[in-house]
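Geometric and topological summary
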Amino acid sequence: MDTLFRIGTGYDIHRLVEGRRLVLGGVEIPFEKGLLGHSDSDVLTHAICDALLGAAAIGDMGTHFPDTDPAFKGASSLNLLENAVAQIASLGYSVQNVDAVILTERPRLAPYMRSMRETLAAILRVEVDRVSIKAKTSEGLESVGRGEAMAAQAVALLSRS
Ligand code: MG
(Lines give C-alpha, C1' and ligand atoms only; values in the text may rest on other atoms or scores of the structure.)
Protein backbone atom coordinates (compact mmCIF):
# COMPACT_ATOMS: atom_id res chain seq x y z
CA MET A 1 0.00 0.00 0.00
CA ASP A 2 1.23 3.48 -0.84
CA THR A 3 2.30 5.82 1.91
CA LEU A 4 0.29 9.02 2.16
CA PHE A 5 2.20 12.16 3.13
CA ARG A 6 0.58 15.31 4.52
CA ILE A 7 2.27 18.61 5.25
CA GLY A 8 1.03 21.30 7.62
CA THR A 9 2.08 24.77 8.67
CA GLY A 10 1.63 26.61 11.97
CA TYR A 11 2.19 30.15 13.20
CA ASP A 12 1.73 31.83 16.57
CA ILE A 13 2.61 35.06 18.36
CA HIS A 14 2.32 36.09 22.02
CA ARG A 15 3.04 39.31 23.89
CA LEU A 16 6.17 39.40 26.06
CA VAL A 17 5.34 40.83 29.48
CA GLU A 18 6.81 41.05 32.96
CA GLY A 19 5.64 38.69 35.67
CA ARG A 20 5.21 35.60 33.49
CA ARG A 21 7.38 32.49 33.09
CA LEU A 22 9.01 31.96 29.71
CA VAL A 23 8.29 28.45 28.45
CA LEU A 24 9.43 27.39 24.98
CA GLY A 25 9.15 23.84 23.68
CA GLY A 26 8.12 22.81 27.19
CA VAL A 27 11.38 24.12 28.66
CA GLU A 28 11.38 26.93 31.22
CA ILE A 29 13.97 29.53 30.21
CA PRO A 30 15.32 32.12 32.65
CA PHE A 31 14.38 35.61 31.37
CA GLU A 32 12.99 38.82 32.83
CA LYS A 33 9.77 38.46 30.83
CA GLY A 34 7.38 35.71 29.77
CA LEU A 35 4.61 35.18 27.26
CA LEU A 36 1.10 36.39 27.99
CA GLY A 37 -1.90 34.16 27.37
CA HIS A 38 -4.46 31.71 28.70
CA SER A 39 -2.22 28.63 28.84
CA ASP A 40 1.52 28.72 29.56
CA SER A 41 1.64 30.49 26.17
CA ASP A 42 4.42 28.31 24.79
CA VAL A 43 4.50 29.94 21.36
CA LEU A 44 6.78 27.28 19.83
CA THR A 45 4.65 24.35 20.97
CA HIS A 46 1.52 26.17 19.75
CA ALA A 47 2.96 26.62 16.25
CA ILE A 48 3.93 22.94 16.10
CA CYS A 49 0.52 21.88 17.38
CA ASP A 50 -1.20 23.88 14.63
CA ALA A 51 1.15 22.39 12.02
CA LEU A 52 0.11 18.86 13.08
CA LEU A 53 -3.60 19.66 13.15
CA GLY A 54 -3.27 21.44 9.82
CA ALA A 55 -1.48 18.52 8.17
CA ALA A 56 -4.37 16.27 9.16
CA ALA A 57 -6.86 19.01 8.15
CA ILE A 58 -8.69 18.77 11.49
CA GLY A 59 -8.80 22.44 12.45
CA ASP A 60 -6.52 24.36 14.76
CA MET A 61 -5.76 24.97 18.44
CA GLY A 62 -8.57 27.52 18.65
CA THR A 63 -11.17 24.87 17.79
CA HIS A 64 -9.67 22.06 19.86
CA PHE A 65 -8.51 24.01 22.92
CA PRO A 66 -10.57 27.24 23.08
CA ASP A 67 -9.20 29.91 25.42
CA THR A 68 -12.75 30.44 26.69
CA ASP A 69 -12.59 26.97 28.29
CA PRO A 70 -11.34 27.17 31.90
CA ALA A 71 -9.93 23.65 31.52
CA PHE A 72 -7.06 25.12 29.50
CA LYS A 73 -6.26 28.04 31.83
CA GLY A 74 -2.59 27.77 32.77
CA ALA A 75 -2.44 24.48 30.89
CA SER A 76 0.93 23.06 29.92
CA SER A 77 1.08 23.32 26.17
CA LEU A 78 2.86 19.96 26.10
CA ASN A 79 -0.42 18.41 27.23
CA LEU A 80 -2.19 20.13 24.34
CA LEU A 81 0.46 18.89 21.91
CA GLU A 82 0.13 15.38 23.33
CA ASN A 83 -3.62 15.59 22.72
CA ALA A 84 -3.03 16.70 19.11
CA VAL A 85 -0.57 13.83 18.54
CA ALA A 86 -3.15 11.38 19.89
CA GLN A 87 -5.77 12.82 17.54
CA ILE A 88 -3.61 12.49 14.43
CA ALA A 89 -2.54 9.00 15.56
CA SER A 90 -6.20 7.99 15.80
CA LEU A 91 -6.48 8.92 12.11
CA GLY A 92 -3.49 6.70 11.32
CA TYR A 93 -0.90 9.46 10.98
CA SER A 94 2.55 9.55 12.50
CA VAL A 95 5.03 12.42 12.50
CA GLN A 96 7.91 12.22 10.01
CA ASN A 97 9.59 15.47 10.99
CA VAL A 98 9.01 18.95 12.34
CA ASP A 99 10.96 22.09 11.50
CA ALA A 100 10.34 25.30 13.43
CA VAL A 101 11.69 28.79 13.88
CA ILE A 102 11.34 31.02 16.94
CA LEU A 103 11.39 34.76 16.25
CA THR A 104 12.71 36.79 19.16
CA GLU A 105 15.37 39.40 19.90
CA ARG A 106 16.28 37.95 23.31
CA PRO A 107 17.15 35.82 25.20
CA ARG A 108 19.79 33.75 23.43
CA LEU A 109 18.19 30.33 22.94
CA ALA A 110 21.15 28.24 21.77
CA PRO A 111 21.82 26.79 25.27
CA TYR A 112 18.24 25.42 25.42
CA MET A 113 17.86 24.02 21.89
CA ARG A 114 18.83 20.45 22.71
CA SER A 115 16.51 20.32 25.69
CA MET A 116 13.58 21.76 23.69
CA ARG A 117 14.16 19.28 20.85
CA GLU A 118 14.34 16.31 23.25
CA THR A 119 11.22 17.41 25.12
CA LEU A 120 9.19 17.91 21.93
CA ALA A 121 10.49 14.71 20.27
CA ALA A 122 9.24 12.65 23.22
CA ILE A 123 5.74 14.11 22.86
CA LEU A 124 5.82 13.79 19.06
CA ARG A 125 6.87 10.11 19.41
CA VAL A 126 9.93 10.56 17.17
CA GLU A 127 13.72 10.55 17.48
CA VAL A 128 15.29 13.88 18.34
CA ASP A 129 16.92 14.12 14.88
CA ARG A 130 13.43 14.56 13.40
CA VAL A 131 12.83 17.77 15.34
CA SER A 132 14.58 20.96 14.18
CA ILE A 133 14.32 24.31 15.94
CA LYS A 134 15.99 27.52 14.85
CA ALA A 135 15.97 30.98 16.38
CA LYS A 136 16.10 34.28 14.52
CA THR A 137 15.95 37.90 15.54
CA SER A 138 13.83 40.43 13.69
CA GLU A 139 16.71 42.90 13.32
CA GLY A 140 14.90 45.35 15.59
CA LEU A 141 11.89 45.55 13.27
CA GLU A 142 8.20 45.43 14.26
CA SER A 143 6.78 44.01 17.51
CA VAL A 144 9.24 41.12 17.78
CA GLY A 145 12.14 43.43 17.06
CA ARG A 146 11.00 45.89 19.73
CA GLY A 147 10.89 43.06 22.27
CA GLU A 148 7.10 43.30 22.65
CA ALA A 149 6.36 39.81 21.34
CA MET A 150 7.74 36.43 20.47
CA ALA A 151 6.54 34.49 17.42
CA ALA A 152 7.05 31.01 16.01
CA GLN A 153 6.51 29.24 12.72
CA ALA A 154 6.50 25.48 12.13
CA VAL A 155 6.00 22.91 9.41
CA ALA A 156 5.21 19.26 10.06
CA LEU A 157 5.20 16.26 7.74
CA LEU A 158 2.89 13.37 8.60
CA SER A 159 2.70 9.95 6.99
CA ARG A 160 0.08 7.21 6.89
CA SER A 161 0.60 3.82 5.33
MG1 MG B 1 -0.72 30.60 21.23
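Just so it is clear, the model here is predicted, and its values are computed rather than measured. (Residues numbered from 1 in each chain as written. Predicted model: local features only at pLDDT ≥ 70, side-chain atom pairs only at ≥ 80, totals over all residues. Heavy atoms only, no water.)

Quick look at unusual backbone geometry
Comment: phi is negative for the bulk of residues other than glycine, and the bulk of peptide bonds are trans. Put simply, Arg106 and Pro107 share a cis peptide bond, and its omega is -5 degrees. As for its placement among the helices and strands, Pro107 is situated in the loop between β5 (94-103) and α4 (113-124). Positive phi, normally seen in glycine, also occurs at Ala57, with a value near 55 degrees. Inspection of the secondary structure assignment puts Ala57 in the loop between α1 (43-55) and α2 (61-64). (Helix = DSSP H or I, 4+ residues; strand = E, 2+ residues; numbered from the N terminus.)

What about the sheet that holds strand β1 (residues 4-18)?
Spatial strand order, β4-β1-β7-β5-β6: 5 strands in an open sheet with mixed pairing. With one partner strand each, in any of the chains shown, β4 (33-35) and β6 (131-136) form the two edges of the open sheet. Pairwise comparison of adjacent strand axes, ignoring direction, gives a mean angle of 20 degrees for this sheet. Here β5 runs beside strand β7 (residues 149-160); their pairing, made up of 9 bridges, is antiparallel. Within β7, the position partnered with Val101 by the bridge is Gln153. Its contacts with the sheet place α1 against β1, β4, β5, β6 and β7, and it is angled at close to 155 degrees to β1. (Pairing = 2+ DSSP bridges. Axes fitted to C-alpha atoms, helices over the stretch in contact; angles between N-to-C directions. Contact = heavy atoms within 4.5 Å.)

Some thoughts on the pairing of β5
With 6 bridges connecting them, β5 and β6 associate as parallel partners. By the bridge assignment for β6, Val98 is matched with Val131. In terms of handedness, the path from β5 via α4 over to β6 forms a crossover that is right-handed. (Right-handed = clockwise from strand over helix to strand, strands pointing away.)

No statement about biological role is implied by the geometric values presented.
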